[in-house]
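These are the residues of each chain, in order.
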Amino acid sequence: MLKTLQLTNFRKHRTLELNFTGGLQIIRGDSEAGKTSLSEAIIYALFGAKGLREPLANVVTYDEPEGSLKVRLLLDFDGVEY
């Protein structure tokens, strides 16, 4: 189960922290609000830059250095946190 997703300079999200609860989660928002970026950030956290659809330089927030991009994902699987 997803527990927490923290983004720093990932696409349009300069800083964002989402805390998930048990059960079904729904992410909704206007067009261009950054919903797809959230799923892409999860993929990046699990598989690294190979999972991105474009180079890392294009994923970091505009005008920020690549080294400032951070994604932290906290998962719980069978009572063990990863």
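For the structure, see preceding data.
Values in this document were obtained by computation on a predicted structure and should not be read as measured data. (Residues numbered from 1 in each chain as written. Predicted model: local features only at pLDDT ≥ 70, side-chain atom pairs only at ≥ 80, totals over all residues. Heavy atoms only, no water.)

Before going further, it helps to spend a moment on the sheet that holds strand S1 (residues 2-10). As summarised here, the arrangement of the four strands in space is S2-S1-S3-S4, forming an open sheet in which the pairing is antiparallel. Strands at the two margins of the open sheet, each flanked by one partner only, are strand S2 (13-19) and strand S4 (80-81). Pairing analysis gives six bridges linking S1 to S2, with the strands arranged antiparallel. The residue bridging Leu7 from the neighbouring strand is Leu16, located in S2. (Pairing = 2+ DSSP bridges. Helix = DSSP H or I, 4+ residues; strand = E, 2+ residues; numbered from the N terminus.)

Moving on, we get to a nonpolar patch on the surface. On the surface, Ile43, Leu46 and Phe47 cluster together into a nonpolar patch covering about 310 Å² of accessible area. Take Ile43: it is sitting in helix H1 (residues 35-47). You can call Ile43 partly exposed: its relative accessible area is 36%. (Patch = residues over 30% accessible without salt bridge, like charges linked within 9 Å, V, L, I, M, F, W, Y side chains within 5 Å. Areas by Shrake-Rupley, 256 points an atom, 1.4 Å probe, with all protein chains shown as cover. Salt bridge = Lys/Arg side-chain N within 4 Å of Asp/Glu carboxyl O. Buried < 20%, exposed > 50% of the residue type's maximum accessible area, 1.4 Å probe, protein only.)

Time to look at H1. For H1, which comprises 13 residues, the first-to-last C-alpha distance of 19 Å matches the rise-based estimate of 18 Å (1.5 Å per residue) to within 8%. Burial in H1 covers these residues: Ser37, Leu38, Glu40, Ala41, Ile42 and Tyr44. Elements that come into contact with the buried residues of H1 comprise S1, S2, helix H2 (56-59) and strand S3 (70-77). With its phi angle positive at about 75 degrees, Gly48 sits one or two positions after the end of H1. (Expected span 1.5 Å × (residues − 1). Contact = heavy atoms within 4.5 Å.)

If the charged atoms of two oppositely charged side chains come close together, the side chains can form a pair. Tallying each qualifying case throughout the model produces five salt bridges. One salt bridge connects Arg11 with Glu40, and the closest N-O pair in it is separated by 2.8 Å. Within this pair, whereas Arg11 is found in the loop between S1 and S2, its partner Glu40 is found in helix H1, the two being separated by 29 residues in sequence. Take Arg11 and Glu40: they sit in the same class, and that class is buried. Several salt bridges share partner residues, and in doing so they unite Arg11, Glu40, Arg53 and Glu54 into one network.

What follows covers unusual backbone geometry. Phi is positive for Arg11, which is not a glycine, with a value near 55 degrees. Within the chain, Asp63 stands out as a residue other than glycine whose phi angle is a positive 70 degrees. Inspection of the secondary structure puts Asp63 in the loop between H2 and S3. Residue classification places Asp63 among the exposed residues on the basis of a relative accessible area of 68%.

Just distances and angles here, no functional claims.
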